[in-house]
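Descriptive structure summary
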Amino acid sequence: MLEQWPKVTICALSFNTGTYTELAIRSALATNYPNLEIICIDDGSSDSSSELLSSLSEELGFSFYKNATNLGIPETCNIGLKISTGEYFVIIGDDLMLPNRIHGDVKVLELNPSMGFVSSVARVIDSTGETLEGSTDWAGRLSDGPLKENSRGVWLSGSKIFTPTATYRTSMLRKLGGWDNHFDVEDKPMFIKFASEGVSGWTRNEVTTLYRRHDSNYSAKFRIRMFSQELDLLKKFSISISTW
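Given the structure is predicted, the values throughout are model-derived calculations rather than measurements. (Residues numbered from 1 in each chain as written. Predicted model: local features only at pLDDT ≥ 70, side-chain atom pairs only at ≥ 80, totals over all residues. Heavy atoms only, no water.)

Overview of the overall build of the chain
- Counting its secondary structure elements, the chain contains nine helices and nine strands.
- For the chain, the proportion of its 244 residues judged to be buried stands at 52%.
- Summarising the internal contacts of the chain: among those between residues at least 6 apart in sequence, 80% fall at separations of at least 24.
- Entry remark: accessible area of the chain is about 12,100 Å², with carbon and sulfur atoms responsible for 50%. (Helix = DSSP H or I, 4+ residues; strand = E, 2+ residues; numbered from the N terminus. Buried < 20%, exposed > 50% of the residue type's maximum accessible area, 1.4 Å probe, protein only. Contact = heavy atoms within 4.5 Å. Areas by Shrake-Rupley, 256 points an atom, 1.4 Å probe, with all protein chains shown as cover.)

So this is what it looks like as structure tokens:
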């Protein structure tokens, strides 16, 4: 047991997902971690999400901000990173944390001060919170131990880091300049940056998060544009891919 629990910033993002984001925030509070800072940012929702979350912030006592326009996930993450006063930084949207999540991640990072992140396993649920029939745990074959990836492998096969389960060292994110606003998604460009800069982390072979899959998931909307940006990643990080 740690004598002092360092502050963890939970950066809750919402874009027309107010009800799901409320559940995500409540799940973070339900972990009973003793030193939480919750920052909720509505990214220019066109429905009633901002009103719901603003009211919730008054009820539960967390900070709420609203972007005047939809800025996208990476830029909104950077806003949260700039505001954050926590030693560790977690992004949540519409996924649910389990009670073992934050305490376990913090213990790992406190014992491994050179590491920049922790990632673990997520169970897939549907829009109602039920385990999705036929699905398997996301990143279900992780091993407990250190992780250091290479940029070519991340581009080709994906990273073993899964954003909904990741806890980051805030100082590391700031040293790398935060997220790249030129891309629509926050995860793969950042994980390639980790690999190219030699950032190491730790994986926990433990389910810590319930990953919600529904029709409003970002990746379900912009697959063609995301493919184009995959090619941009090759150029930006000078990744060499053999031709067939």
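Side note on the side chain of Ser-120
- Mapping Ser-120 onto the fold places it in strand β6 (residues 117-125).
- According to the relative accessible area criterion, Ser-120 is buried, its value standing at 0%.
- Here Thr-208 takes part through its side chain, which lies 2.6 Å from a polar atom of the side chain of Ser-120. (Polar contact = N/O pair within 3.5 Å; in protein donor to acceptor, adjacent residues only side chain to side chain.)

A few points about unusual backbone geometry
- Phi at Asn-16 takes a positive value of approximately 60°, unusual for a residue other than glycine.
- Position of Asn-16 among the secondary structure elements: in the loop between β1 (8-14) and α1 (18-29).
- Of note in the backbone geometry, Asn-32 takes a positive phi value of approximately 60° without being a glycine.
- Structurally, Asn-32 can be placed in the loop between α1 and β2 (36-42).
- The class for Asn-32 is exposed, based on a relative accessible area of 61%.

Here's the deal with the pattern of salt bridges
- A complete count under the given rule lists five salt bridges for this structure.
- Note that Arg-26 is salt-bridged to Glu-22, the shortest N-O span being 3.0 Å. With a gap of four residues between them, Arg-26 and Glu-22 both fall in helix α1, about one helical turn apart.
- With a relative accessible area of 32%, Arg-26 lands in the partly exposed category.
- The network of salt bridges with shared partners includes Arg-101, Asp-105, Arg-204 and Glu-206. (Salt bridge = Lys/Arg side-chain N within 4 Å of Asp/Glu carboxyl O.)

A few points about the packing of α1 against helix α2 (residues 49-60)
- Running from amino to carboxyl end, α1 crosses α2 at an angle of 25°, the nearest separation of the two axes being 9 Å. As far as their axial angle goes, α2 and α1 are roughly parallel. Classified by chirality, the crossing of α2 by α1 is right-handed. Residues Gly-18, Thr-19, Thr-21, Glu-22, Ile-25, Arg-26 and Leu-29 of α1 form the contact with α2, whose own contacting residues are Ser-49, Leu-52, Leu-53, Leu-56, Glu-59 and Leu-60.
- A breakdown of the residues in the contact of α1 with α2 according to their chemical character gives six nonpolar, four polar and three charged. (Axes fitted to C-alpha atoms, helices over the stretch in contact; angles between N-to-C directions. Parallel < 35°, antiparallel > 145°, perpendicular 65-115°, else oblique. Left-handed = near helix turned anticlockwise from the far one by under 90°. Nonpolar A, V, L, I, M, F, W, Y, C, P; charged D, E, K, R; others polar.)

A short note on the confidence of the model for the chain
- Across the chain, the average pLDDT comes to 88, with 84% of residues at or above 70.
- The model gives residues 220-224 a pLDDT under 50, and that stretch makes two contacts with residues more than four places away or in other chains. (pLDDT = per-residue confidence, 0-100.)

With respect to helix α3 (residues 73-83)
- By the burial criterion, the buried members of α3 are Pro-74, Thr-76, Cys-77, Asn-78, Gly-80 and Leu-81.
- Residues of α3 that are buried in the fold lie against β1, β2, β4 (88-92) and α6 (170-175).

Concerning the pairing of strand β3 (residues 63-66)
- Alignment of β2 against β3, held across four bridges, turns out to be parallel. Across the sheet, Cys-40 pairs through a bridge with Phe-64, a residue of β3.
- In this fold, β2 hands off to α2, which returns the chain to β3; that crossover is right-handed. (Pairing = 2+ DSSP bridges. Right-handed = clockwise from strand over helix to strand, strands pointing away.)

Considering α2
- The end-to-end C-alpha separation of α2 is 16 Å, in line with the 16 Å expected for twelve residues at 1.5 Å each.
- Residues of α2 that are buried include every one of Ser-49, Ser-50, Leu-53, Leu-56 and Ser-57, and no others. Buried residues along α2 cover an arc of 125° about the axis, so they all sit on one side. α2 presents Glu-51, Glu-58 and Glu-59 as exposed residues on the side facing more than 90 degrees away from its buried surface.
- Considering only its buried residues, α2 is in contact with β1, α1, β2 and β3.
- Note on α2: the residue one or two positions beyond its end, Gly-61, has a positive phi of about 80°. (Expected span 1.5 Å × (residues − 1). Arc of directions from axis to C-beta.)

Topic: the pairing of β6
- By the criterion of burial, β6 is predominantly enclosed, with eight of the nine residues buried.
- Of the pairings in the sheet, the one linking β6 to strand β9 (residues 201-212) comprises seven bridges and is parallel in character. Paired with Val-118 across the strands is Trp-202, a residue of β9.

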